Amino acid sequence: MECGRSDDGDWVWVRWPTEAEAMEAAATEQGRWVSAAATEVDEQPLKVVFASPAEYFTDAAPVGNGSLGGMVWGGVSTEKLQLNHDTLWTGVPGNYTDPEAPASLAVVRALVNQGRFADATAAATHLFGGQSEVYQPLGNVNLEFGASNQAYDSYKRELDLHTATVVVTYSIGAVQYTREHFCSNPHQVIVTKISANTPGQVSCTLSLSSQLENNVTVTNANEVVMEGICPGQRPGLRKGDSNDVTGIRFSAVLGLQIGGNTTKAAALSDQKLRLDNADWVVLVVAASSSFGGPFVNPADSKLDPTSIALNTINRARNLTYAQLRAAHLDDYQRLFYRLTIQLSRGLKDTRGSLTEKERPKGVGEEIRTSADRVKSFSIDEDPSLVELLFQYGRYLLISCSRPGTQVSNLQGIWNQDVAPAWDAAPHLNINLQMNYWPALPCNLSECQEPLFDFLTFLAVNGSKTAKVNYQASGWVTHHVSDIWAKSSAFLKNPKHAVWPMGGAWLCTHLWEHYQFSLDKDFLENKAYPLLEGCATFLVDWLIDGPGGYLETNPSTSPEHAFVAPDGQPASVSYSTTMDISIIREVFSAVLLSAEVLGKSDTDLVKNIKKALPRLPPIQIARDRTIMEWALDFQDPEVQHRHLSHLFGLYPGHTITMEKNTNICEAVANSLYKRGEDGPGWSTTWKMALWARLFNSENAYRMVLKLITLVPPGEKVEFEGGLYNNLWTAHPPFQIDANFGFTAAIAEMLLQSTQNDLYLLPALPCDKWPRGCVKGLRARGDVTVNICWDEGELEEAMLWSNHRNSVTRLHYGERVATLRVCSGTVYKFNRGLKCLKAWTLGK
């Protein structure tokens, strides 16, 4: 028998479940939430809605299965289904070492020690590595319907987050056409069904195309194969038209299933298929590449992408559309319905409608698009749009990062350009980390697995970089990477490039994963070896500095510069606040991990225990803000987009409201000083920081700031905002803020440490006075449901599938202590009194 205790001292006794009972209860609970969530579909539709075909990339609707992605444009006379595959990159494995770097490092360090920061910045260019490679688009499925001269009406295109399906409907005369698109993870294909409400009305010409070098073949009347190759070098490095390096080969296969007694299908000029008079057609698209991992040269790869794609297509074509869709829904909804959320302003929502002027031509019915909702948000502040954006972030993460895929890049997996902005590469000084912020609190932990695979690859290359470039042990990686796990510094201004903390920041995700899951096998076999290698480098990287402290030298605050005491602009100095904050976080994770694993007597642990007290503390500047650099330099850009010096509060944990009141005051001052403007990812980072300060008003102000419509294809006067398809803007498009928004909303509703749960810590009560969230995750392997009314907690439930632990439950000033027992659900009222406890699943 075990028990839980509320704040009034009452004990509730429950029987300890057997292991079999706990497993059965967990399965029952999973099924119950899927069932319950499914009943809410009609009540809370989660749809991204469009009233016209896409004109720009950011008008199209994204689908994906982790590796294969598609953008549905929804044209009427012609349709473009844009394709991406996560392994299509320029280049080959690289050499990320520089034997001349140690000498350059010594010069830079000497200049920093002399206070010659501008000279040190100039000298730091000798620490640059090469450029990263570039993410490439796969191509398009092109459909020509021959309806260019025919008027259409009743057009609607919508992405349904409940089913991960894009549906396009419109009418031409008396015939209503429907297209349904989804991307299946179980079968690794994009599926499109085109149908009409009248038999024999589906006719079209189909083809495949790509901006990359390719060859298209129609193999029979219902199959098209496209074979191509990525550039062996990024475009800027090519000399003339020569490119003698073999790049990644790829294949895409389009297969058809056709229905109808009068259907005709034929090949046209070996390049296209022609389909006439079908009742319906199902298009199945598969893609593959020769990418065999970051250490395999494409020229040496034994993978045959065409055979792989054909086998995938053949397996899928043996199934009906209904079977493919059922498998897709079962897989997707198993993840998506782990978490449901409802927010309300307490009054019946007033839904506007398009005016005649706003309604697109040819549209017979009034459609309130998602873009309309964004435009009106500053007036109506519709909480259901916040729900939609929150769940959209979860949808996008499910769609672009699954076990076994590549890591989510700067655009997830969706890209239309051979030269995308910032190469669509993973940037390790905030953007890649933000992509995975919602994975744990928002109940999508397996979506984070590609990040850990990527870390494993970075450690291999990074150990060589550490040894050669820095004459250090362990492993290191810098600011920008790519599919080849580039670990060396970037090739740009030192304020971007000279930052060997990318791998260390990523390593904090390893300890976070353990804290949420309490998976000791993961900690021992995956996380700790990577943490150990990272910390080993950091111990070597730290050197003696002024005042008896250890320092990092050279050091930058990502992408930010300062004015040196001599009045010159510079970016390289020593011991930036972010450097030290990340190191403190990693060292803490290693010590705690070692304690769990019984490895506390190693030399590394001893060295960390010696180093920790010698790390410089966070300093407060003359204007009562957090100092960004070790010295109180003049800041030439006080509203800079990065918030690196505030890392210790979020996503770090070394600054807390309870333990660091003065520092938190300085953090708030820093946020005010930075201002509210900035790219989307900066806005959502500010949301999360204000939430950690329990400041609901300012967190919500950032919500308002982000929900601003960005005109597609136009130069805008502001940073941040949302495109028509609700992707977040830098601008241009970067996906990180979609994920940052979801994570920040979760922080507003629930925060946790290993022993503390904070309910509704930054709830904007006047904006969302009523609401309910089910399935949020907390550290300690705890799942939490919270409902509130009239701005006050109404009910909370929590449970864990793991070990016993003592948890302090916080709501405002109230605190209750609870012994959480594995397999038991606890229900609390607003006074944090435990009303009931029962075995999970009962």
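Note: the structure precedes this text.
A few points on the structure. Note that the coordinates shown come from a computational prediction; the quantities given were computed from them, not determined experimentally. (Residues numbered from 1 in each chain as written. Predicted model: local features only at pLDDT ≥ 70, side-chain atom pairs only at ≥ 80, totals over all residues. Heavy atoms only, no water.)

**Details of the pattern of salt bridges**
Applying the stated criterion across every chain yields a total of 31 salt bridges. Arginine 338 serves as the salt-bridge partner of glutamate 446, at 2.7 Å between the closest nitrogen and oxygen. Within this pair, whereas glutamate 446 is found in the loop between α8 (431–435) and α9 (449–469), its partner arginine 338 is found in the loop between α5 (321–336) and β19 (340–344), the two being separated by 108 residues in sequence. A single burial state applies to glutamate 446 and to arginine 338, both of which are buried. The partner of arginine 674 in a salt bridge is aspartate 635, with the nearest N and O atoms 3.5 Å apart. With a gap of 39 residues between them, arginine 674 in helix α15 (residues 661–674) and aspartate 635 in the loop between α14 (603–611) and α15 connect regions that are remote in the sequence. Within this structure, Asp331, Arg334, Arg338, Arg402 and Glu446 form a network of salt bridges that share partners. (Salt bridge = Lys/Arg side-chain N within 4 Å of Asp/Glu carboxyl O. Helix = DSSP H or I, 4+ residues; strand = E, 2+ residues; numbered from the N terminus. Buried < 20%, exposed > 50% of the residue type's maximum accessible area, 1.4 Å probe, protein only.)

**Looking at empty space enclosed by the protein**
Throughout the structure, instances matching the rule amount to four cavities of 30 Å³ or more. Around the second largest cavity sit 13 residues that line it, and Gly64, Ala164, Cys183, His328 and Tyr332 are the ones nearest its centre. Within the lining of the second largest cavity, the residues separate by chemical class into six nonpolar, five polar and two charged. (1 Å grid on protein atoms, 1.4 Å probe; cavity = no way out; pocket = protein on both sides within 12 Å on 5 of 7 lines; lining within 4 Å. Points joined across faces, edges and corners; volume = space filled by probe spheres on them. Nonpolar A, V, L, I, M, F, W, Y, C, P; charged D, E, K, R; others polar.)

**What to know about the packing of helix α17 (residues 696–706) against helix α18 (residues 736–749)**
Each pair of packed helices gets described by two things: the angle between the helix axes and the distance between those axes. At a closest axis distance of 11 Å, the pairing of α17 and α18 adopts a crossing angle of 155°. Between α17 and α18, the angle falls in the class roughly antiparallel. In this structure, α17 meets α18 at a crossing whose hand is left-handed. Counting all contacts with α17, which are made through Ala699, Tyr700, Val703 and Leu706, the residues of α18 involved are Phe741, Ile745 and Met748. Taken together, the residues of the contact of α17 with α18 break down into seven nonpolar, no polar and no charged. (Axes fitted to C-alpha atoms, helices over the stretch in contact; angles between N-to-C directions. Parallel < 35°, antiparallel > 145°, perpendicular 65-115°, else oblique. Left-handed = near helix turned anticlockwise from the far one by under 90°. Contact = heavy atoms within 4.5 Å.)

**As for the packing of aromatic side chains**
As enumerated under the stated definition, the model contains 32 aromatic pairs in all. Measuring from ring centre to ring centre gives 5.8 Å for phenylalanine 295 and phenylalanine 457, while their planes differ by 85°; the resulting arrangement is edge-to-face. Pair noted here: phenylalanine 295 is in the loop between β18 (280–289) and α4 (305–317) and phenylalanine 457 is in helix α9, with a separation of 162 residues, a long-range link. Take phenylalanine 457: its relative accessible area is 30%, and that puts it in the partly exposed class. Arranged with centres 6.1 Å apart and planes meeting at 45°, the rings of tryptophan 414 and tryptophan 727 form a pair that is tilted. With tryptophan 414 in the loop between α7 (383–400) and α8 and tryptophan 727 in the loop between α17 and α18, the pair connects residues that are 313 residues apart, well separated along the chain. With relative accessibility at 0%, the residue tryptophan 414 sits in the buried group. An aromatic cluster is built from Tyr332, Phe336, Tyr337, Tyr392 and Tyr395, whose rings are joined through pairwise contacts. In this structure, lysine 80 packs its charged tip against the face of tryptophan 73, placed 3.9 Å from the ring centre. (Phe/Tyr/Trp six-rings, centres within 6.5 Å; stacked < 30°, edge-to-face > 60°. Lys NZ or Arg CZ within 6 Å of the ring centre and 35° of its normal.)

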